[in-house]
2 protein chains.
Amino acid sequence: MSSTKPAMRDALVAAAFQLFLERGYEQTTVDDIVTLAGVGRRSFFRYFPSKEDVVFPDHERCLTDMTAFLAASDPGCDPLERVCEAVRLVLRMYTENPTFSVQRYRLTKQVPGLRAYELSVVWRYERSFAEYLRGRLKGLHDGTLRADVIAAAVAAAHNNALRSWLRSDGQGDAEEAVEHALGYVQAAFGAAGAPAADAPPEDVVVIVSRRGAPMWRVVQEIESTLDRD
Amino acid sequence: MSSTKPAMRDALVAAAFQLFLERGYEQTTVDDIVTLAGVGRRSFFRYFPSKEDVVFPDHERCLTDMTAFLAASDPGCDPLERVCEAVRLVLRMYTENPTFSVQRYRLTKQVPGLRAYELSVVWRYERSFAEYLRGRLKGLHDGTLRADVIAAAVAAAHNNALRSWLRSDGQGDAEEAVEHALGYVQAAFGAAGAPAADAPPEDVVVIVSRRGAPMWRVVQEIESTLDRD
DNA sequence: CCGCCATATGGCACTGGGTGCAGTCCCCCA
DNA sequence: TGGGGGACTGCACCCAGTGCCATATGGCGG
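Keep in mind it's a predicted model, so treat the numbers as computed, not measured.

Undergrad: I would appreciate a short explanation of the overall build of chain A in the present structure.
TA: Broken down by element type, chain A carries ten helices and one strand. Going from the N terminus to the C terminus, chain A shows its helices and strands as α-α-α-α-α-α-α-α-α-β-α. Split into buried and exposed, the 229 residues of chain A put 34% on the buried side. For chain A, long-range pairs separated by at least 24 residues make up 60% of all intrachain contacts whose partners lie at least 6 apart in sequence.

Undergrad: Just to check I follow, could you spell out helix H5 (residues 79–96) of chain A for this structure?
TA: Every α-helical turn comprises 3.6 residues, leaving residues that sit three or four positions apart pointing alike. All names here are of chain A. Taking 1.5 Å per residue, 18 residues should reach 26 Å; H5 reaches 26 Å between its end C-alpha atoms and fits that length. Where H5 is concerned, the buried positions are Pro-79, Leu-80, Val-83, Cys-84, Ala-86, Val-87, Val-90, Leu-91 and Tyr-94. Projection of H5 onto a plane perpendicular to its axis shows the buried side chains occupying an angular sector of 155°, all on one side. Among the exposed residues of H5, those pointing more than 90 degrees away from its buried face are Arg-92 and Glu-96.

Undergrad: What is the right way to look at helix H9 (residues 174–188) of chain B in this model?
TA: With 15 residues, H9(B) ought to run about 21 Å at 1.5 Å a step, and its terminal C-alpha atoms sit 21 Å apart, in line with that. Of the residues making up H9(B), those classed as buried are Ala174(B), Ala177(B), Val178(B), Ala181(B), Leu182(B), Tyr184(B), Val185(B), Gln186(B), Ala187(B) and Ala188(B).

Undergrad: What is the right way to read the protein's contact with DNA strand C from this model?
TA: Lining the immediate environment of DNA strand C, one finds 14 residues, of which Ser50(A), Lys51(A), Val39(B), Gly40(B) and Ser43(B) sit closest. The set of elements that each furnish at least two residues to the surface near DNA strand C consists of helix H2 (30–37) and helix H3 (41–47) of chain A together with helix H3 (41–47) of chain B. Take the surface near DNA strand C: its biggest share by element is three residues, from H3(B). The class makeup of the residues in the surface near DNA strand C is five nonpolar, four polar and five charged.

Undergrad: Teacher, can you tell me more about the confidence of the model for chain A here?
TA: Detail in the predicted coordinates should be disregarded across regions flagged by low pLDDT. Of the residues in chain A, 81% have a pLDDT of 70 or more, and the chain-wide mean is 87. Of the regions scoring below 50 in pLDDT, residues 192–202 of chain A engages in 18 contacts with residues more than four places distant in sequence or in other chains.

Undergrad: Where do I start with unusual backbone geometry in this structure?
TA: A negative phi angle is the norm for most residues apart from glycine, just as the trans form is the norm for most peptide bonds. Positioned with a positive phi, Asp169(A) is a non-glycine residue whose angle comes to about 60°. Position of Asp169(A) relative to the elements: it lies in the loop between helix H8 (143–167) and helix H9 (174–188). Assessed through the 13 C-beta atoms surrounding it within 10 Å, Asp169(A) is described here as partly exposed. Residues other than glycine seldom take positive phi values, yet Asp142(B) does so here, at roughly 55°. Relative to the helices and strands, Asp142(B) resides in the loop between helix H7 (112–137) and helix H8 (143–167). Take Asp142(B): there are 15 C-beta atoms within 10 Å of it, and that puts it in the partly exposed class.

Undergrad: Please clarify how the domain arrangement of chain A should be interpreted in this entry.
TA: One frequently used descriptor of interface size is the decrease in accessible area upon assembly of the parts. Residue and element names in this part refer to chain A. Examined at the domain level, chain A breaks down into domain 1 (7–53), domain 2 (56–188) and domain 3 (195–229). The centre of domain 1, based on its C-alpha atoms, is set 27 Å off from the matching centre of domain 2. Facing eight residues of domain 1, the contacting portion of domain 2 comprises eight residues. By residue class, the composition of the side of domain 1 that touches domain 2 is five nonpolar, no polar and three charged.

So, how was this worked out
Residues numbered from 1 in each chain as written. Chains lettered and ligands numbered in written order. Predicted model: local features only at pLDDT ≥ 70, side-chain atom pairs only at ≥ 80, totals over all residues. Helix = DSSP H or I, 4+ residues; strand = E, 2+ residues; numbered from the N terminus. Buried ≥ 20, exposed ≤ 12 C-beta atoms within 10 Å, placed from the backbone. Contact = placed C-beta atoms within 7 Å. Expected span 1.5 Å × (residues − 1). Arc of directions from axis to C-beta. Near = placed C-beta within 6 Å. Nonpolar A, V, L, I, M, F, W, Y, C, P; charged D, E, K, R; others polar. pLDDT = per-residue confidence, 0-100. Domains from an automatic or database assignment.

Have a look at this one:
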């Protein structure tokens, strides 16, 4: 219902990027774009609330998709793992059109206004993560704090891997890079790998822990204890 | 040299906030502000590059101060602890003028444009953290990744505590809240994480766990056990 | 006391993003 | 064939932001 025929929208995006690439973002006016696309100026603002929006034509859809994905989660699943899954969803949007993503990256890198806009987009993703985690961590000690921090860490890991991929002109393996980065976050905030499926159903584990020790350290202890057999 | 006599600047900030608070940010034009302040319109843009900047009059100074603070670090100090120290510096800027900070918070909360601007400000702080950490973590495995993730986590912890303080109209203890939040991050990323000083040094925790249970569930159990006292 | 220069300020016109409104075109349906 | 509604256009307007020049103001050497 939403993907029927936005022919004009696509034409505007194409015209905009053509001009942005050949003479720069700030040197291109909205009038230039609509003239090249052969449409009225008013129509541009029907499809894009602002000039900046034409640079990120599919983020709005991706964001709603991702939020819906998190909302549809199994209540019993690992929250952190679920958020990582959502990150992979977002990454796919970039890797589907490598050249487009790289071009956009070059633009946002050198136009401060676009960087600010991208920031607000990334922030909305992060908020979506955080909202989901807040719901799942509710009741736990420092639930909202942990949700916010973990969301920020996941987003930062994603961005780190994504940017290095974009800098390489989309040559490397983005999936692998993001996987590695997420692994680091998962290690820091517990909930590492899936436990062995062939283990006996019940176990008693005795742990000697120093109060206040970092949680990931405790998890390491648990894991090495469980694996010791 | 920079704090000699920006009398006009202060007058503009005062006039701007008076109007913003009584009729809203978007309903106030720059002409309204300069008329109330009794100065020329051109002078406004001499002191503030944009209308949004008048809402954050001292962030630019704070950011340079903080970057200088990090640059002047002892090369042997704990990098994470040093970044936490920098965060306390930033927090102080907020707590020095509680009413001003709370008013600004109310504005940014409901004006999307201001929120976007604040985001870009926060991002620059985070980048400053990350750059410092990158320098300190250079050579380590995944140095830049760890720097980015830790910087994001620290910023998120600060924001979480700061926002809850701002929501309480500056009533609670911001320092304590930020300290607690930073403690969580320090615990997660190990290194300097100082254990709680008032806790008994050793503890024995007995956990009955179902083998194959998701690791995050186990962590929840541990934490609720540790918190139960 | 006077000219001189630097800096701070004001006025003005202009560009360009964004909006409200009214008119036009076109396609579908009765 | 005659609407009726949605998509498109043109136009006038608001306002943020900029470049340019004119005007104070205030020290300083002669």
